[in-house]
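Per-entry structural report
The residues making up each chain are set out below.
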Amino acid sequence: MSVLCGLALLFRDATVWLQALLFDLDGTLADTEAEGHRPAYNSAFKDLGLQWKWGPRLYRKLLNLPGGRERVRHYVESYDPERGDQSVDELVDAVHTAKSRHYARRLAKGKIPLRLGVRRLIEQAKSLGLKVAIVTNASHASIEPFLSHAMGPDLVDKVDLVIGSEEAPAKKPAPDLYLMALERLGVAAERSIAIEDSDVGLQAARAAGLTTLVTVNSNTRSQVFDQAVLVVDSLGEADRPVEVLNSLGRDVGCHVIDVPFLNRLIEPESDA
């Protein structure tokens, strides 16, 4: 029978060292790239009369860029697709606007569910007094419909802070977004954990001094995560345990990722 990683530790007498969980959004909270953004881009291309199509393989390459606008610009400048007489800037704006509309529609129709274990972990974190943040390269045009439809008001109420791309000088892999989140939450990096899905996010979190757990998806499973404290296929549920992909030599022995387990990853060893 599956058991929780650290459910036996109920923190009855001890202080919880872990103070905050900082979640990436796209690919981490939900598989938004495969189920949301890529099909939304392809619908936007049709709306604009562009004979473009981003398949899974091409899209995985484009995900190495830090944001949607950057991906469209890179595609235009590097692949030289047929684009009519619009300037690159005009085309980037038009695609982004149309794509955001289609992405919001997919969310409203319930086509982008939360990933396994996300709701459970956020709810547990809040019940144990932790702060919860979402730290993402996404723009607020993408963030707001996600919060409304994929998460819903009951879960959004458990999130203390949401920081998107417009709020920092540089997107991930720069650490700016994470550093801003730590400052606004009033917590230290050594008492927080980031949960990411990609190498770009991992670089950003580590550069901000955060211990980082990676939960991969179909677009990032083949990436290398040497700086992650743990790499898993999901956050898991009691009846659907996690698959540990890389534990960096650690004896993990867990079936889901829960707060007591995460606390043990960063808690200083006792001198007793």
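The structure this text deals with has already been given above.
Considerations on the pairing of strand β4 (residues 192–196)
Within β4, five of the five residues are buried, which leaves the element mostly enclosed by the surrounding structure. Side chains of β4 alternate between two faces, with Ser 192, Ala 194 and Glu 196 and Ile 193 and Ile 195 buried alike. For strand β1 (residues 20–23) and β4, the ladder comprises four bridges, and the chain directions are parallel. Bridged to Phe 23 within β4 is Ile 195. Bridging between β4 and strand β5 (residues 211–215) involves four bridges; their strand directions are parallel. What sits directly across from Glu 196, in β5, is Val 214. Between the parallel pair β4 and β5, the chain is carried across by helix α9 (residues 199–207), and the sense of this crossover is right-handed.

Re the pairing of β5
Within β5, four of the five residues are buried, which leaves it mostly tucked inside the rest of the structure. Pairing between β5 and strand β6 (residues 230–232): three bridges, direction parallel. Its bridge partner being in β6, Leu 213 is matched across the sheet by Leu 230.

Some details on the environment of Val 76
Here Val 76 lies in helix α3 (residues 68–79). It is 9.0 Å that separates the C-alpha atoms of Val 76 and Leu 91, two residues lying 15 residues apart in sequence. In this view, Val 76 contacts Trp 52, Pro 81, Arg 83, Val 88 and Leu 91; residues no more than four positions away in its chain are not counted.

Things to note about the packing of aromatic side chains
A complete count under the given rule lists nine aromatic pairs for this structure. Between Tyr 41 and Trp 54 the ring centres are 4.7 Å apart and the planes differ by 45°, which places this aromatic pair in the tilted class. Remark: Trp 54 occurs in the loop between α1 (32–47) and α2 (56–62) and Tyr 41 occurs in helix α1; sequence separation between them is 13 residues. On the numbers, 5.1 Å between centres and 65° between planes, the contact of Trp 52 with Tyr 75 is edge-to-face. Remark: Tyr 75 occurs in helix α3 and Trp 52 occurs in the loop between α1 and α2; sequence separation between them is 23 residues. Note on accessibility: Trp 52 and Tyr 75 belong to one class, buried. Linked through ring pairs, Tyr 41, Phe 45, Trp 52, Trp 54, Tyr 59, Tyr 75 and Tyr 79 together constitute an aromatic cluster. Looking at Lys 99, its charged tip hangs above the ring of Tyr 103, at a distance of 5.1 Å from the centre. Lying across the ring of Trp 17, Arg 191 places its NZ or CZ 4.1 Å from the centre.

Regarding helix α5 (residues 118–127)
Helical geometry: 3.6 residues make up each α-helical turn, so side chains three or four residues apart lie on a common side. Those residues of α5 lying buried are Val 118, Arg 120, Leu 121, Ile 122, Gln 124 and Ala 125. Lining the buried residues of α5 we find β1, β2 (131–135), α6 (140–151), α7 (153–156), β4 and α10 (259–266). Phi turns positive one or two residues past the end of α5, at Gly 129, with a value near 85°.

Here's the deal with the pattern of salt bridges
Per the stated rule, a full pass over the model turns up 13 salt bridges. For Glu 77, the salt bridge identified is with Arg 73, shortest N-O distance 3.9 Å. With Glu 77 and Arg 73 both in helix α3 and four residues apart, this pair spans about one turn of that helix. The exposure class of Glu 77 is exposed, given its relative accessible area of 54%. You can call Arg 73 partly exposed: its relative accessible area is 29%. Put simply, Arg 119 and Asp 154 hold a salt bridge, and the shortest N to O gap is 3.1 Å.

So, how was this worked out
Residues numbered from 1 in each chain as written. Predicted model: local features only at pLDDT ≥ 70, side-chain atom pairs only at ≥ 80, totals over all residues. Heavy atoms only, no water. Buried < 20%, exposed > 50% of the residue type's maximum accessible area, 1.4 Å probe, protein only. Helix = DSSP H or I, 4+ residues; strand = E, 2+ residues; numbered from the N terminus. Pairing = 2+ DSSP bridges. Right-handed = clockwise from strand over helix to strand, strands pointing away. Contact = heavy atoms within 4.5 Å. Phe/Tyr/Trp six-rings, centres within 6.5 Å; stacked < 30°, edge-to-face > 60°. Lys NZ or Arg CZ within 6 Å of the ring centre and 35° of its normal. Salt bridge = Lys/Arg side-chain N within 4 Å of Asp/Glu carboxyl O.

That's the geometry; what it means functionally is another story.
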